[in-house]
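Residues per chain, in single letters:
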Amino acid sequence: MDLEGKPALLGYRMPGEWEPHSHCWMGWPERPDNWRDDAIHAQHVFVKVASAISRFEPVTVCASAAQWENARNQIPKHIRVIEMSLNDAWFRDTGPTVVVCDNITHSGDPVRKIAGIDWNFNCWGGPDDGCYGDWSLDQLVARKILEIEKLPRFPQSLVLEGGSIHVDGEGTCLTTEECLLNKNRNPTLTKEQIEDELKMYLGVKKVIWLPRGLFGDDDTNGHIDNMCCFVKPGVVLLAWTDDESDPQYERSVEAFSVLSKATDANGRALEIIKLHIPGPLFMTEEEAAGVVQDGDAKPRPPGARLAACYVNFYIANGGIIAPAFGDEKWDKEAFHVLSIAFPNHEVVMIEGAREIVLGGGNIHCITQQQAAFTSNIVKHG
């Protein structure tokens, strides 16, 4: 069922990712022109991610008809696997953004309504700049998930991916100018018009714009979820490096400057926690040779800088599912920083997450949370 009107005007808001989930949705990788060696390695890591999240909340993995049996055989039996047509497995960007409306009934009991925003998806840039040529199946993923869950749908013509926004659940949104103001998304809209749409659909009152995302994140044109995220209202994690020779240094300092001067929707100054990036990491000759470079998808050349960072994690009900890249120093540091930032969550580092980065994203990018039918907000920290 499609809902008419703007979500915010109907009392809806996008909750913070630490608020309770009923579910996590994931896709299943198979594109040989994006995932090396017919996605064998990536599939193993997707299984690790799904298994880790399933310790904290239910998970559904969606696989194509050709891959359903393969996925079902690899994924633990307590995790639901369903058949769904898709072009690729980036469910943060193709799945619905779930919004909630909390009301108090005449009897004083809290009641929560849930719906999903179905953004317009153009494969991160359309026919000229997108990551692959045909994304017609991906355009239907959000609608299919909402149909399966019997949730109302807010259709949206704005081109936007879920990885381009982070919210605190209390009226503040983080995003980047590099992505949302890119001419390959919504060229006819001004910054003010895009901000108005975010406010009306996410239920936010303030948008904090960082200039750029992570260095090397060319696939998404600088998604915020690879650069900065909320830990809780008033606190953010920022991808960081102290290496002044790294092109990321300028971006991190630039973002820190904006965040340190900003206040959230409630007038609070932001506490900024620095989370050092790994590496830098680069695609090897062997890894690039395993990708079918037939011209239909964005090339994966050897020597390309990988958009690897630890900010790209998933917050589950009581768990933080974060990437590990085999960089012992910074993997340990990330575990330490995340454990302090989320004292009421168990931090689970996923070994081999490099395989996801090779395809252009990470754990937050391949997951999409579904808010729970409860208004009992998890008090964090």
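Starting from 1, residues in each chain are numbered consecutively following that chain's sequence as written. Local features in this predicted model are restricted to residues whose pLDDT is 70 or higher, and side-chain atom pairs enter the listing and the counts only when it is 80 or higher, whereas totals over whole chains, interfaces and linings include all residues. Hydrogens and water are ignored here; the side-chain numbers use all heavy atoms of the structure.

Chemist: Honestly, the overall build of the protein in this entry has me stumped. Any pointers?
Modeler: Across its full length, the protein carries eleven helices and 16 strands. Values of the radius of gyration come from C-alpha atoms, whereas the globule rule sets the reference at 2.2 Å times the count of residues to the power 0.38. Whereas a compact globule of 381 residues would reach a radius of gyration of roughly 21 Å, the protein reaches 19 Å, a difference of no more than 12%. Judged by the C-alpha coordinates and their principal axes, the protein covers about 65 × 50 × 45 Å. For the exposure calls, accessible area comes from a 1.4 Å probe over protein chains only, and a residue counts as buried if that area is under 20% of its type's maximum, exposed if over 50%, partly exposed in between. Residues counted as buried form 60% of the 381 residues belonging to the protein. Only DSSP runs of H or I reaching four residues or more are called helices, and only runs of E reaching two or more are called strands; each is numbered from the N terminus.

Chemist: Would you take a moment to explain the layout of surface pockets for this structure?
Modeler: To locate leftover empty space, one rolls a probe as large as a water molecule over the atoms. Looking at the largest pocket, its volume works out to about 230 Å³. In terms of residue class, the lining of the largest pocket is built from eight nonpolar, two polar and six charged. Cavities and pockets are found on a 1 Å grid laid over the protein atoms alone: a cavity is a set of points where a 1.4 Å probe fits but cannot escape, a pocket is an open set with protein on both sides within 12 Å along at least five of seven lines, and a lining residue has an atom within 4 Å of such a point. Grid points are joined across faces, edges and corners, and a volume is the space filled by probe spheres set on the points. Side-chain classes are defined by residue name, with Ala, Val, Leu, Ile, Met, Phe, Trp, Tyr, Cys and Pro counting as nonpolar, Asp, Glu, Lys and Arg as charged, and the others, Gly among them, as polar.

Chemist: Please clarify how the sheet that holds strand S16 (residues 367–371) should be interpreted in this entry.
Modeler: DSSP bridges decide pairing: two strands pair if at least two such bridges lie between them. On the basis of which strands lie adjacent, the open sheet formed by four strands has the order S3-S2-S1-S16 and mixed pairing. With partners counted over all chains shown, the strands left at the sheet margins are strand S3 (80–83) and S16, one partner each. On average, each strand axis in the sheet is tilted by 25° relative to the strand beside it, whichever way the strands run. Alignment of strand S1 (residues 21–27) against S16, held across five bridges, turns out to be antiparallel. Opposite Trp 25, over in S16, you have Gln 368 as the bridge partner. In what follows, residue pairs with any heavy atoms lying within 4.5 Å of each other are defined as contacts. The axes used here are C-alpha line fits, helices contributing only the stretch in contact, and every angle between their N-to-C directions lies in the interval 0 to 180 degrees. This element, helix H1 (residues 40–54), spans S1, strand S2 (59–63) and S16 of the sheet and lies at about 175° to S1.

Chemist: How should the environment of Pro 7 be read in this particular structure?
Modeler: Its location among the elements puts Pro 7 in the segment before S1. Linking Pro 7 and Met 200, residues 193 residues apart in sequence, is a C-alpha distance of 6.2 Å. Not counting residues up to four positions away in its chain, the partners in contact with Pro 7 are Tyr 12, Phe 154, Met 200 and Tyr 201.

Chemist: Quick question: what am I supposed to make of the packing of aromatic side chains here?
Modeler: Aromatic rings in a pair are described by how distant their centres are and how their planes are angled relative to each other. The aromatic pairing rule takes the rings of Phe, Tyr and Trp, using the six-membered ring of Trp, and pairs them if the centres are within 6.5 Å, calling planes under 30 degrees apart stacked, those over 60 edge-to-face and the rest tilted. Enumeration according to the criterion identifies ten aromatic pairs in this entry. Where Tyr 310 meets Phe 325, the ring centres are 5.2 Å apart and the plane angle is 65°; that geometry is what we call edge-to-face. A residue pair is termed long-range when its members are at least 10 positions apart, and Tyr 310 in the loop between helix H9 (285–289) and strand S13 (314–316) and Phe 325 in the loop between strand S14 (319–323) and helix H10 (328–341) qualify at 15 residues. For Tyr 310, a relative accessible area of 1% gives the class buried. The class of Phe 325 is buried, set by a relative accessible area of 9%. Among the aromatic side chains, those forming a connected cluster through ring pairs are Trp 35, Phe 46 and Trp 90. Positioned above the aromatic ring of Trp 240, the side-chain terminus of Lys 274 is 4.0 Å from the ring centre. Whether a charge sits over a ring comes down to the Lys NZ or Arg CZ being within 6 Å of the ring centre and within 35 degrees of the ring normal.

Chemist: Looking at this model, I keep getting lost on the pairing of strand S9 (residues 206–210). Mind explaining?
Modeler: Looking along a regular strand, one sees side chains alternate from face to face of the sheet. Taken across its five residues, S9 has four buried, putting it largely inside the fold. Sheet analysis places strand S8 (residues 172–176) next to S9, joined by five bridges and oriented parallel. By the bridge assignment, Thr 175 is partnered in S9 with Trp 209.

Chemist: Help me understand empty space enclosed by the protein in this model?
Modeler: Counting across every chain of the model gives six cavities of 30 Å³ or more. In this structure, the largest cavity encloses a volume near 110 Å³. Looking at the lining of the largest cavity residue by residue, the class counts come to five nonpolar, five polar and five charged.

Chemist: It is not clear to me how the nonpolar core should be interpreted in this structure. Could you clarify?
Modeler: Inside soluble globular proteins, nonpolar side chains tend to come together where they are buried. Grouped together as the largest cluster of nonpolar side chains are 51 residues, with contacts concentrated most on Cys 228, Leu 237, Leu 259, Phe 313, Leu 338 and Phe 342. Sequence-distant contacts of Phe 313, defined by excluding residues within four places in its chain, comprise Cys 229, Leu 237, Ile 320, Ile 321, Ala 322, Pro 323, Leu 338, Phe 342 and His 364. Each nonpolar core is a collection of buried residues, namely Ala, Val, Leu, Ile, Met, Phe, Trp, Tyr and Cys, held together in the definition by side-chain atoms within 4.5 Å. Membership of the second largest hydrophobic core comes to 39 residues, among which are Cys 24, Val 47, Val 61 and Val 348.

Chemist: How should I be thinking about unusual backbone geometry in this particular structure?
Modeler: Leaving glycine aside, a negative phi is the common case for residues, and trans is the common case for peptide bonds. A cis amide bond links Gly 279 to the next residue, Pro 280, at an omega of 15°. Inspection of the secondary structure assignment puts Pro 280 in the loop between strand S12 (271–276) and H9. In this structure, Asp 38 is a non-glycine residue whose phi angle is positive, near 55°. In this fold, Asp 38 is placed in the loop between S1 and H1. The phi torsion at Trp 124 lies on the positive side, around 60°, for a residue other than glycine.

So yeah, pure geometry; function would need other evidence.
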